[in-house]
Amino acid sequence: MQEIQKGANVSLNALSEDVGAVVVSLGWTSASGAGDADVSVLLVDENGKIRSEDDFYFYNNPAAPDGSVQLLGKTPTDSGDEDRISLDLTAVPQDVARIVVAASQYAGARFGDLDDLRVTVADRSGEPLVGFSIDDAGVETAFIFGELYRRGEEWKFRAVGQGYETGLAGLATDFGVVVEEEADESEVSGPDAAAADAVTADTVDAEGTAQGAAPAEAGEAAGAAPGADGGAEAAQEARDPASAPAAGPDVPGVPGVPAQTRGRSRTTRKKVTLPKVAKKSLAENDSWRPARLFPVPSLKSDREREVRATSVLLAVMSQVPELGRRLTAGFGAPAGRMQTFTEVSLPHGETPRRPDGVIRVERAGKLWTALVETKTNGNPLKAEQVQEYMDIAARRGYEAVITLSNDVALDGAPMVDVKIDGRRKHKVSLWHLSWAEVAHQTQMLIRHEGVANAAHAWLLQELLEYLRHENSGCHGFQNMGPSWVPVRKGIDDETLSAGDPRAVDVVESWERLIRQVCLRLGGELGQKALPVQRARRGSDPQARRVAAAERLCAEGRLAAELRIEGTSTVIAVTADLRTAKVRTSVDVSAPVGSYPLTTVKRLVRVLAEAPADLHVESLVEGANGPRGTLERLRPEPGDLLPRDGAQLTGFRLSLVKGTGTTRGNTESGFIRSVDEAVERFYHGVLTHLGAFETRPGRKG
């Protein structure tokens, strides 16, 4: 990979022959674990201005209809996380001269609070081509990291590194975006907000008719999706009136974006999502099971599960462009017409091989092809089988091999070891998807982001029901591995020695479990949930896992942290294998300038609906203060006040839950225990803390 300095440029075509599609990654690290930023992309013309609102992509407008831009979201790495963007350069309109890649912060955060600011560009195969590091960030709240621009028939990358103290609004204004002034929330409510919602929301009523749509559109929606558990009632959820932006200047074709906000909708494109609460069933009793497009109960063998799961997923990917593009854009697939196949026979020596599936995408007369190898029900991938598919793909000029299994991939820990012949001119990339990631992306589309029509929403709902069925074998990460039982037994009887390699295996499984927990929680919330790594970029992930294994041997504990994208809250998760308990906790700062007794009373009040067994501990400078369960503190909140007049700095809120002892994902299994503990803590505790954290303390 070529490193360049600020202001320098390089031809991508000179670095690789495979730059029809590239992935741009923006990364940073944070000592607190809570630092974050949002990426944005602007397509600008020769005059340096966007052509219309469709040229501005950010968290509320993540994908271009033509597939040229796809914000892939944040991906966990061993030093934090990266925000990745897929750019299909062959699909970029000819009158777009530059693609500007930027990031912005919110809520008063600055880029100087982040470390290791960096942008990299990789080709279609995932090979990093060029990198640029920003080391002079300070008070800026937005940054242009770099830009891709045309020079004749080739694309070049320029390292920009230009900061803005005026945030996303100031950056966007430079490129012709009209910035809307924020309105007070009290002004954006009531009848006016409801009327605005009525204009932008496109819903589907109980009969499947799109209200507010043209007759032709209504007929399409009505006949597209027969009813099943809310499938026919696919609807675009009404926007929260309090989150609607104030009306901006009426400039046709030029978008308005709210200044320095996070999570406000800007686009009025019609998207269909399914209602979060299904309508009342017409069944006489619970024994009546709804008909499903993809039945599962008849599956009896692992082979049947693999064949069915592959066919179901690939069929839905080819029919729902949003899902097909979402799952393949990060693997270098272009935006184009997708077809999928199963059980294709391919020559290989004397015995043909049959990969579980094949994905082909056509754009501008060119084909992108990936072979798919699937495993279900916790079965491991076989290195020799994947190696054969890599060799076949290389000989036939295919671009990728995609493995799909219950396991979650980790950076620095490949799912299978394969050898790549460096003498071959044609490069084949190896990618991995977990079933948990497929379910996450499906849920994000049908519950939060929306798809083009009701039929697609219904198909995705049926896919999600299939993946979640207990007999499908597609439940995500299911097993803590063969080292789990001996390590746990060694902790129980105090025979586990430092340096035992099995402890490292358990740490890797723990990391996979935490990433799966993040995927499930993020899919439910509609926001990325990410593991927190307090490591500098370039640190050795294996060395970090060895250190965690040493702590496991000494203390009998596994620890992790995670956060929800767009928030600064860090959730700590600790599994104590000696006591068979998992603890979830969060630290909350006390409002500055508020009276201590007022603060503790208010905390207890906002936690009125929280579980009674919630542990609350007051924090003072350099020490811990009084503590107790919420049940005991409700009548006497003053018991939380620090003794001897020590200054109250915050609180630690914790829930403790017993863990299962088996290694699998059974009802008593360890994996399910951790998953349920995090879900209970988020919904039972964190959802109530917003009012406490946002209300300022008294001044002076």
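See the structure shown above.
Here's what I pulled together on the structure shown here. By convention here, each chain's residues receive numbers from 1 onward along its written sequence. Note on the predicted model: pLDDT of at least 70 is required for a residue's local features to be given, and 80 or more for side-chain atom pairs to be given and counted; whole-chain, interface and lining totals, by contrast, use all residues. Side-chain numbers here rest on the full set of heavy atoms in the structure, without hydrogens or water.

This next bit is on the overall build of the protein chain. A count of helices and strands for the protein chain gives 16 helices and 28 strands. Buried residues are those whose accessible area, probed at 1.4 Å on protein chains only, stays under 20% of the maximum for their type, while exposed residues exceed 50% and partly exposed ones sit between those limits. Among the 700 residues that make up the protein chain, the fraction classed as buried is 53%. Accessible surface for the protein chain amounts to roughly 31,200 Å². Of this, 49% is attributable to carbon and sulfur atoms. Per the convention used, a helix needs a DSSP run of H or I reaching at least four residues, while a strand needs a run of E reaching at least two, with both numbered from the N terminus. The Shrake-Rupley method, run with a 1.4 Å probe, gives the accessible areas here. Residue values count only the displayed protein chains as cover.

Take the pairing of strand β8 (residues 98-104) next. Judged by how many residues are buried, β8 sits mostly within the fold: six of seven residues are covered. Think of it this way: DSSP has to see at least two bridges between two strands before they count as a pair. Examined bridge by bridge, strand β4 (residues 38-44) and β8 share seven bridges and lie antiparallel to one another. Along β8, the bridge assignment pairs Val-39 with Ala-103. Where β8 lies against strand β11 (residues 142-151), seven bridges are found, and the strand directions are antiparallel. By the bridge assignment for β11, Ala-102 is matched with Ile-144.

How two helices pack is summed up by the angle between their axes together with the distance between the axes. One can describe the packing of helix α11 (residues 501-525) onto helix α12 (residues 541-555) by two numbers: an axis separation of 8 Å at closest approach and a directional angle of 110°. Between α11 and α12, the angle falls in the class roughly perpendicular. Across the interface between the two elements, Ala-503, Val-504, Val-506, Val-507, Glu-508 and Glu-511 of α11 pack against Gln-542, Arg-544, Arg-545, Val-546, Ala-548, Ala-549, Leu-552 and Cys-553 of α12. Partitioning the contact of α11 with α12 into residue classes produces nine nonpolar, one polar and four charged. Structural elements are reduced to axes, namely lines fitted to C-alpha atoms, with helices fitted over the stretch in contact, and the angle between N-to-C directions of any two is expressed from 0 to 180 degrees. Put simply, angles under 35 degrees are roughly parallel, angles over 145 are roughly antiparallel, angles from 65 to 115 are roughly perpendicular, and the rest are oblique. Pairs of residues are marked as contacts when any of their non-hydrogen atoms sit within 4.5 Å. In the scheme used here, Gly and all other residues not listed as nonpolar or charged are polar, with Ala, Val, Leu, Ile, Met, Phe, Trp, Tyr, Cys and Pro taken as nonpolar and Asp, Glu, Lys and Arg as charged.

Looking at where Thr-687 falls in the secondary structure, it is placed in the loop between α15 (670-684) and α16 (690-694). Sequence spacing of Thr-687 and Ala-610 is 77 residues, and the spatial spacing of their C-alpha atoms is 9.2 Å. At a separation of 2.7 Å, a polar atom in the side chain of Thr-687 contacts the main-chain carbonyl oxygen of His-683. Between N or O atoms, a polar contact is any pair within 3.5 Å; within protein, one atom must be a potential hydrogen donor and the other a potential acceptor, and residues adjacent in sequence are included only when both atoms are from side chains.

What follows deals with unusual backbone geometry. You will see that Asp-116, though not glycine, has its phi angle at about 55°, which is positive. Here Asp-116 lies in strand β9 (residues 115-122). Owing to a relative accessible area of 22%, Asp-116 belongs among the partly exposed residues under this scheme. One non-glycine residue, Asn-377, lies in positive phi territory at about 60°. Examined against the element boundaries, Asn-377 turns out to sit in the loop between β19 (366-374) and α7 (383-396).

Moving on: the side chain of Glu-306. Its place among the elements puts Glu-306 in helix α5 (residues 302-319). Not counting chain neighbours up to four residues away, the residues in contact with Glu-306 comprise Asp-356, Thr-374, Lys-375, Thr-376 and Asn-379.

Three or four residues apart is the spacing at which side chains of an α-helix point the same way, because the helix has 3.6 residues per turn. Expected helix span is taken as 1.5 Å per residue step, with the number of steps being one fewer than the number of residues. Look at α7: 20 Å from first C-alpha to last across 14 residues, which is about the 20 Å you get at 1.5 Å a residue. All buried positions along α7 are accounted for by Val-386, Gln-387, Tyr-389, Met-390, Ile-392, Ala-393 and Ala-394. Positive phi appears at Gly-397, one or two residues downstream of α7, with a value of about 80°.

The next point concerns the packing of aromatic side chains. Whether two aromatic rings pair depends on their centres lying within 6.5 Å, for rings of Phe, Tyr and Trp, where Trp uses its six-membered ring; planes under 30 degrees apart make the pair stacked, over 60 edge-to-face, and the rest tilted. Going through the model one piece at a time under the given rule, you end up with ten aromatic pairs. Judged by centre distance (5.5 Å) and plane angle (80°), the rings of Phe-111 and Phe-143 are edge-to-face. Note that Phe-111 is positioned in the loop between β8 and β9 and Phe-143 in strand β11, a separation of 32 residues in sequence. Since its relative accessible area comes to 1%, Phe-143 is described here as buried. Connected via pairs of aromatic rings, a cluster forms that spans Trp-28, Phe-111, Phe-143 and Phe-145. A ring is scored as having a charge over it whenever the NZ atom of a lysine or the CZ atom of an arginine sits within 6 Å of its centre and within 35 degrees of its normal. Over the aromatic face of Tyr-149 sits the side chain of Arg-158, whose NZ or CZ is 4.2 Å from the ring centroid.

Another aspect to go through is the nonpolar core. Residues belong to one nonpolar core when they are buried, are Ala, Val, Leu, Ile, Met, Phe, Trp, Tyr or Cys, and are joined through side-chain atoms within 4.5 Å. Among the nonpolar cores identified, the biggest contains 57 residues, and Trp-510, Leu-614 and Leu-653 are the most heavily contacted of them. If sequence neighbours within four positions are ignored, Leu-653 has contacts with Thr-584, Ser-585, Val-586, Val-588, Leu-603, Leu-607, Leu-614, His-615, Val-616, Phe-681, Val-685 and Leu-689. Counting residues in hydrophobic clusters, the runner-up holds 41 residues, among them Val-272, Leu-313, Ala-333 and Leu-445.

Bringing the side chain of Thr-659 into the picture now. Inspection of the secondary structure assignment puts Thr-659 in the loop between β28 (648-658) and α15. On the basis of relative accessibility, which here comes to 12%, the residue Thr-659 falls in the buried class. Residues contacting Thr-659, with those up to four places away along its chain left out, are Arg-488, Ala-580, Lys-581, Val-582, Phe-670 and Ser-673.

What makes a salt bridge here is a side-chain nitrogen of Lys or Arg within 4 Å of a carboxyl oxygen of Asp or Glu, nothing more. Counting across every chain of the model gives 34 salt bridges. A salt bridge links Asp-55 to Arg-51; its shortest N-O distance comes to 2.8 Å. Assessed through its relative accessible area of 1%, Asp-55 is described here as buried. As a salt-bridge pair, Arg-303 and Glu-306 come within 3.6 Å of each other at their nearest N and O atoms. Placement of both Arg-303 and Glu-306 in helix α5 is noted, with a separation of three residues, approximately one turn of the helix. Residue Glu-306 is classed as buried on the basis of its relative accessible area, which comes to 7%. Connected through shared salt-bridge partners, Arg-303, Glu-306, Glu-343 and Asp-356 make up one network.

Here the focus is the sheet that holds strand β23 (residues 557-564). Read across the open sheet, the seven strands follow the order β22-β23-β24-β25-β28-β26-β27; overall the sheet is antiparallel. On the outer flanks of this sheet lie β22 (529-531) and β27 (623-629), each paired with one strand and no other. The mean inter-strand angle of the sheet, taken between neighbouring strand axes irrespective of direction, is 25°. In the packing of helix α13 (residues 596-606) onto the sheet, contacts are made with β26 (615-620) and β28, and the angle to β28 comes to roughly 25°.

We now examine the environment of Arg-520. Residue placement: Arg-520 occurs in helix α11. Looking at Arg-520, its side chain comes within polar contact range of the side chain of Asp-675, at 2.3 Å.

This next bit is on the sheet that holds strand β20 (residues 400-405). What the five strands build is an open sheet, ordered β17-β18-β19-β20-β21; its pairing is mixed. Every interior strand has two partners, whereas the edge strands, β17 (337-342) and β21 (429-434), have only one. Taking each pair of neighbouring strands and ignoring which way they run, the sheet shows an average axis angle of 20°. In the sheet, β17 pairs with strand β18 (residues 357-363) via six bridges, with the strands oriented antiparallel. Of the residues in β18, the one forming a bridge with Met-338 is Val-361.

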